[in-house]
Amino acid sequence: MNLLRSILLSVAITIPGILLAQNRVSDKELANKIMSDSRLDTVEARALRLLTGFTAGTSYGEIWIRDFNTFIEGSLKVHSRHEVKEKLLLFFKIQGKDGNIPDGAIHKDQANGGYQYLYSELAPGWAIHKNTVETDQESSLIQAVKKYIDITGDKSILTDTIGGLTVTQRMEDAMNYILKYRWSAKYNLVIGATTVDWGDVQTQKGWGVAINDKTKWAIDIYDNAMFLLAVHDFLAIKPAGYKASRYWGDIAVGMKMRVRNHLWDAKAGKYIPHIYLDGSPFPPSFNEKQILYLGGTICAVKAGLNTPKEIADINNQFLKAASKEKYATIGLTVYPPYPLDEFPNIPPYTYQNGGDWTWFGGRMIAPLIENNMVNEAYTELSPMIDRVLKNKGFFEWYDVRTGEAKGSGDFRGEAGVLYEAINRLRGWAKENL
């Protein structure tokens with residue numbers, strides 16, 4: 001029986017095929033249940049032990065900004081703020097002259113992957129890599145700086161100078177890079193290569209993480225939601241006297257309107273997968289719009305792109321999709337997955353093409369809580385917690401047909417997201433006891 005379905009059956013009814021929680025307990029009863037759930041204590045403690053490191057996991061020697069952004073809160077619990085700050089500053093030291101932010105860095109003597117490594121005189125001893133098909137690195141770093149300031153209160157990072165530029169200037173340079181090099185003049189939205197939702201592997205066989213002559217440029221919800229989050233974060237933390245090069249608030253307002261106009265399918269209540277700028281990589285017979293993009297949608301919800309009613313409907317869509325596979329949670333990347341003929345680089349039900357990633361599913365917990373869906377948040381987090389306990393660790397992704405844990409065995413992204421989700425639940429519970 002599907003994990004979510006088995007949890008919900010005792011308190012659920014079927015409404016047009018969608019399981020919705022019923023017979024809800026009072027806030028105080030739910031708060032007591034959350035506070036007394038020893039599973040949360042165990043997973044939180046395990047997460048903090050793992051977050052003593054900064055690389056993405058056992059299969060990765062690199063520090064990745066897209067991962068670090070999702071576990072910086074836990075890092076600040078187990079490290080001094082100085083240590084965490086130094087890792088953030090590393091990304092500004094390896095920033096490109098055009099403002100781009102690489103995916104990350106690895107110690108020079110360990111740089112033996114398939115990347116075309118770059119080097120920076122500001123970061124001696126480090127080799128730099130970037131998956132150029134994606135457009136989330138710049139956004140991830142700005143979001144991480146905001147989280148660092150929120151938790152530590154240390155705004156001095158904004159005026160730290162690296163290579164003659166303050167961190168504030170470098171953040172703005174990163175955003176300007178996107179507007180100059182990753183922007184559609186026609187739609188006034190962020191662009192990237194065609195990948196599966198938030199993934200960083202494009203459709204063609206071969207080294208799929210780098211732009212090449214077969215790349216199909218497209219607009220998707222993940223890249224745009226991440227950039228919108230970053231713009232909001234930049235506006236929230238920039239020093240009062242700082243004169244920005246653009247009216248970023250206007251850009252954010254315009255982006256929200258255009259995302260709603262071009263990417264949101266109001267009739268279906270979901271985001272379309274892609275808008276293609278130079279033709280689709282898929283044949284006309286393939287209906288890509290049938291695919292539900294869960295990860296990018298979660299980021300859209302976090303970016304404030306949807307109403308409370310839409311968020312409830314989106315969550316029900318997630319549950320409906322998860323109910324179709326025995327071991328699925330709302331951490332599904334996409335559903336249904338792309339057929340092998342259409343996406344030969346990643347077979348269906350594997351990795352980013354229909355694998356189940358707590359790294360993204362866990363990010364839905366905070367928005368559910370913020371939208372008064374705490375029972376749903378707790379219920380939907382539960383199978384993710386159980387997987388950690390069953391597998392005695394944090395794994396990169398899970399097979400929705402077998403339940404098998406896959407990928408990196410100590411994946412810090414999952415640990416960080418679960419740590420944050422547990423904190424949000426416990427925070428709500430303490431206020432409602």
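Residues numbered from 1 in each chain as written. Predicted model: local features only at pLDDT ≥ 70, side-chain atom pairs only at ≥ 80, totals over all residues. Heavy atoms only, no water.

## Focus: the overall build of the protein chain
A tally of helices and strands in the protein chain yields 15 helices and 18 strands. Against the compact-globule benchmark of 22 Å for 433 residues, the protein chain has a radius of gyration of 21 Å, which places it among compact chains. If one aligns the C-alpha atoms of the protein chain with their principal axes, the spans along those axes are about 60 × 55 × 45 Å. Scored against the burial criterion, the 433 residues of the protein chain give a buried share of 60%. (Helix = DSSP H or I, 4+ residues; strand = E, 2+ residues; numbered from the N terminus. Rg over C-alpha atoms; globule rule 2.2 N^0.38 Å. Buried < 20%, exposed > 50% of the residue type's maximum accessible area, 1.4 Å probe, protein only.)

## Focus on the pattern of salt bridges
Within the structure shown, the criterion is met by 16 salt bridges. For aspartate 37, the salt bridge goes to arginine 39, with nearest N and O atoms at 2.8 Å. Pair check on accessibility: aspartate 37 and arginine 39 agree, each one buried. Put simply, lysine 130 and glutamate 138 hold a salt bridge, and the shortest N to O gap is 2.7 Å. Comparing lysine 130 with glutamate 138 shows no difference in burial state: the two are buried. One connected set of salt bridges, linked through shared partners, spans Arg66, Glu134, Asp136 and Asp200. (Salt bridge = Lys/Arg side-chain N within 4 Å of Asp/Glu carboxyl O.)

## Digging into the packing of aromatic side chains
For the structure on display, the rule yields 21 aromatic pairs. Seen from their ring centres, tyrosine 177 and tyrosine 181 are 5.2 Å apart, and the 35° between their planes marks the pair as tilted. Here tyrosine 177 and its partner tyrosine 181 are both found in helix 7 (residues 167-181), 4 residues apart, which amounts to about one turn of the helix. With a relative accessible area of 41%, tyrosine 181 lands in the partly exposed category. Residues tryptophan 357 and tryptophan 359 carry aromatic rings whose centres are separated by 6.1 Å and whose planes lie at 40° to one another, so their mutual orientation is tilted. Given the relative accessible area of 1%, tryptophan 357 is considered buried. (Phe/Tyr/Trp six-rings, centres within 6.5 Å; stacked < 30°, edge-to-face > 60°.)

## Topic: the packing of helix 14 (residues 374-391) against helix 15 (residues 412-431)
The N-to-C vectors of helix 14 and helix 15 enclose an angle of 140°; their axes lie 11 Å apart at closest approach. The way helix 14 lies across helix 15 gives a crossing that is left-handed. Taking contact as the criterion, the partners of Val374, Ala377, Tyr378, Leu381, Met384, Ile385 and Val388 in helix 14 are, on helix 15, Glu414, Leu418, Ala421, Ile422, Leu425 and Trp428. Taken together, the residues of the contact of helix 14 with helix 15 break down into 12 nonpolar, no polar and 1 charged. (Axes fitted to C-alpha atoms, helices over the stretch in contact; angles between N-to-C directions. Left-handed = near helix turned anticlockwise from the far one by under 90°. Contact = heavy atoms within 4.5 Å. Nonpolar A, V, L, I, M, F, W, Y, C, P; charged D, E, K, R; others polar.)

## Considering the environment of tyrosine 242
Note on placement: tyrosine 242 falls in the loop between helix 8 (221-237) and helix 9 (248-262). Along the backbone, tyrosine 242 and glutamine 169 are 73 residues apart, and their C-alpha atoms lie at a distance of 9.1 Å. Not counting chain neighbours up to four residues away, the residues in contact with tyrosine 242 comprise Thr168, Gln169, Glu172 and Phe234.

## Thoughts on the sheet that holds strand 10 (residues 192-193)
Read from one edge of the open sheet, 3 strands run 10-11-14, paired in antiparallel fashion. Each having just a single partner strand, strand 10 and strand 14 (275-276) make up the two edges of the open sheet. Note that strand 10 and strand 11 (residues 217-219) share 2 bridges and pair antiparallel. Along strand 11, the bridge assignment pairs glycine 192 with alanine 218. (Pairing = 2+ DSSP bridges.)

## Description of the sheet that holds strand 5 (residues 126-129)
For sheets, the rule is that strands pair by backbone hydrogen bonds, running either parallel or antiparallel. Ordered in space as 3-4-5, the 3 strands form an open sheet in which the pairing is antiparallel. At either margin of the open sheet sits one strand with a lone partner, and together these are strand 3 (63-64) and strand 5. Where strand 3 lies against strand 4 (residues 104-107), 2 bridges are found, and the strand directions are antiparallel. If you follow tryptophan 64 over to strand 4, its bridge partner there is glycine 104.

## Digging into helix 10 (residues 294-302)
The buried fraction of helix 10 is high, at 8 of 9 residues. Within the span of helix 10, buried status applies to Leu294, Gly295, Gly296, Thr297, Ile298, Cys299, Ala300 and Val301. Once helix 10 ends, the next one or two residues include glycine 304, with phi positive near 80°.

## Focus on the pairing of strand 4
Taken together, the 4 bridges between strand 4 and strand 5 define a ladder with antiparallel strand orientation. Looking across to strand 5, one finds that glycine 104 is bridged to histidine 129.

## Focus: the confidence of the model for the protein chain
This prediction gives the protein chain a mean pLDDT of 94; 95% of its residues lie at or above 70. Note that pLDDT drops below 50 for residues 5-22; the model gives that stretch 30 contacts with residues more than four away or on any other chain. (pLDDT = per-residue confidence, 0-100.)

## Re the packing of helix 6 (residues 137-152) against helix 7
Relative to each other, helix 6 and helix 7 sit at 150°, their axes nearing to 9 Å. For the element pair helix 6 / helix 7, the angle class is roughly antiparallel. The two elements helix 6 and helix 7 meet at a crossing, and its hand is left-handed. Contacts between helix 6 and helix 7 involve Glu138, Ser139, Ile142 and Val145 from the first element and Met171, Ala174, Met175, Tyr177 and Ile178 from the second. Considered class by class, the residues forming the contact of helix 6 with helix 7 number 7 nonpolar, 1 polar and 1 charged. (Parallel < 35°, antiparallel > 145°, perpendicular 65-115°, else oblique.)

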